[in-house]
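# Chains, contacts and geometry: an overview
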Amino acid sequence: MNIMLIGIVGKPSAGKSTFLNALTMVGAKTGSYPFTTIEPNRGTAYVRTKCKCTELGVKDNPRNSICENGFRFLPIQFLDVAGLVPGASEGRGLGNKFLDDLRQADLLIHVVDASGSLDAEGNQVNKGSWDPLKDVSFLEDEIDSWIKNIITRDYIGMKKKAEAEKIRLSKLLTEKLSGLKISPSDISSSIFESDIIDDDPKTWDENLDNLVTIIRKKSKPIIVVANKIDQETAHENYERMKEILKKDVFPASALSEVVLRSEQEKGTISYTPGDSDFKILDEEKLGKKKEILLKIKHEILERYGSTGIQKILNYIVFDKMKMIVVYPVEDLTKYTDKDGNVLPDAFLVPKGTTTIEFAGKIHSDFAKNFINGQLAPSGRRVGADYELQNNDVIKINAAVK
Ligand SMILES: Nc1nc2c(ncn2[C@@H]2O[C@H](COP(=O)(O)OP(=O)(O)OP(=O)(O)O)[C@@H](O)[C@H]2O)c(=O)[nH]1
Ligand SMILES: [Mg+2]
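This is a predicted model, so every value here is computed, not measured.

### Considerations on the site of ligand 1
In the region of ligand 1, 24 residues are neighbours, and Lys-16, Thr-18, Phe-35, Thr-36 and Asp-230 sit closest. In this structure, Ser-13 approaches ligand 1 through a main-chain N or O atom, which is 2.9 Å from an oxygen atom. With respect to ligand 1, the side chain of Asn-227 contributes an N or O atom lying 3.2 Å from an oxygen atom. Protein chains shield 90% of the accessible area of ligand 1, which is 660 Å² for the free molecule.

### A closer look at the packing of aromatic side chains
Under the defined criterion, the tally for this structure stands at 2 aromatic pairs. Both rings, one in Phe-250 and one in Tyr-315, keep their centres 4.7 Å apart while their planes meet at 55°; by these two values the pair is tilted. In this pair, Phe-250 sits in strand E7 (residues 249-251) while Tyr-315 sits in helix H13 (residues 309-320), placing the two residues 65 residues apart along the sequence. Judged by centre distance (6.3 Å) and plane angle (70°), the ring pair of Phe-347 and Phe-358 falls under edge-to-face. Taken together, the positions of Phe-347 in strand E11 (residues 347-350) and Phe-358 in helix H14 (residues 355-362) put the pair 11 residues apart, joining distant regions of the chain. An identical accessibility class is assigned to Phe-347 and Phe-358; each is buried. Of note, Arg-48 hangs over the ring of Phe-71, and the distance from its end group to the ring centre comes to 4.6 Å.

### With respect to the domain arrangement of the protein chain
Partitioning the protein chain into domains gives domain 1 (5-128 + 221-318), domain 2 (145-218) and domain 3 (328-398). Between the C-alpha centres of domain 1 and domain 2 there is a distance of 34 Å. Buried area between domain 1 and domain 2, summed over both chains or domains, comes out near 880 Å², and the portion from carbon and sulfur atoms is 48%. Joining domain 1 to domain 2, the criterion identifies 1 salt bridge. Here Lys-181 ties to Asp-106 by a salt bridge, and the two come within 3.1 Å at their closest N and O atoms.

Conventions and cut-offs
- Residues numbered from 1 in each chain as written.
- Chains lettered and ligands numbered in written order.
- Predicted model: local features only at pLDDT ≥ 70, side-chain atom pairs only at ≥ 80, totals over all residues.
- Heavy atoms only, no water.
- Near = heavy atom within 4 Å.
- Polar contact = N/O pair within 3.5 Å; in protein donor to acceptor, adjacent residues only side chain to side chain.
- Areas by Shrake-Rupley, 256 points an atom, 1.4 Å probe, with all protein chains shown as cover.
- Phe/Tyr/Trp six-rings, centres within 6.5 Å; stacked < 30°, edge-to-face > 60°.
- Helix = DSSP H or I, 4+ residues; strand = E, 2+ residues; numbered from the N terminus.
- Buried < 20%, exposed > 50% of the residue type's maximum accessible area, 1.4 Å probe, protein only.
- Lys NZ or Arg CZ within 6 Å of the ring centre and 35° of its normal.
- Domains from an automatic or database assignment.
- Buried area = accessible area lost by both parts, 1.4 Å probe.
- Salt bridge = Lys/Arg side-chain N within 4 Å of Asp/Glu carboxyl O.

Right, dumping it as structure tokens:
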């Protein structure tokens, strides 16, 4: 089953690699100079959900995920790319290379320096002198230009081919954009929402920009992170961003999360990502760091409820992408796989996924030879079109061929 891939984007020095480290502790290189990252960094982060094991009263043996204190942590892939500067889609900075790294992303996290202390190219300027809202519109424009360039590179040829071979332009467009993880249904609904009439080329020319924006919003939704919220100039900017953008803006301090997680790893504090507090365990070993931690406690955790990092991840997966958790099993009474592992796998699938679609994701043969599904613990049989519910434990029955 494909794991969700989220791209981390933004201008140089906004804190993208720090954000990845905060989520994953992979140790990506960070620095206060632009283009610290050149080759993309990958990492795995985990969303936290209540594990089914508590409800069923069993001790589980997770394989594809982690269970801790009754919480299931499910993996999500992250890609932290090089900084984006104006004109990137035309090849400036590290240009298209970075954009091409994002082809497979399901969603983008735009890390913004909310303190307003970096110019468009990521160079330090006076604190608060740059308006971070400019970064938001600029990034959307760059992604649009990137998609549009891919289409227009061969637009005339595409139109000629459509006319000569009597193929719909939308079909050729779908082929062209298939490498960008843009689904045929996103493309057809985008065409529907624009003023394009599929077999009238003139309407395509007039509405292409609009179409590209609609496609981008559907296929690469963007969540804005108002990072460096620990800086004094950041809060006001964040409030303004929230007011103007209305949704999908979150305050965060990636650096604070990195500090908390590394102290937790050293054993000086006890802290669970997403929590609004921590406990000091070893004051002596902590030494001078105690001051920094207390500052994080008062200025970030108490003010915003958390560092923002884990909250953003959960928002993306469960609210924005509307994913649910499903546990496939072989044995309906013991909730085990064929090797006796209890609740071994927990998968994130989009809400609305049917039993047969789920079967196909586990194994293509399961979908081909599908008989029905059975829910645990009730044993209730469900058909191919049953829409899976969050926390369903299901056995797929397939004919043995
Ligand atoms: N105060 C503060 N500083 C931060 C925060 N997040 C990152 N930084 C600092 O910002 C600088 C840039 O961070 P990086 O994570 O390297 O930025 P990047 O976006 O990956 O930069 P490039 O790879 O050059 O594009 C570093 O000095 C970080 O320590 C934060 O939440 N608060
Ligand atoms: Mg970086």
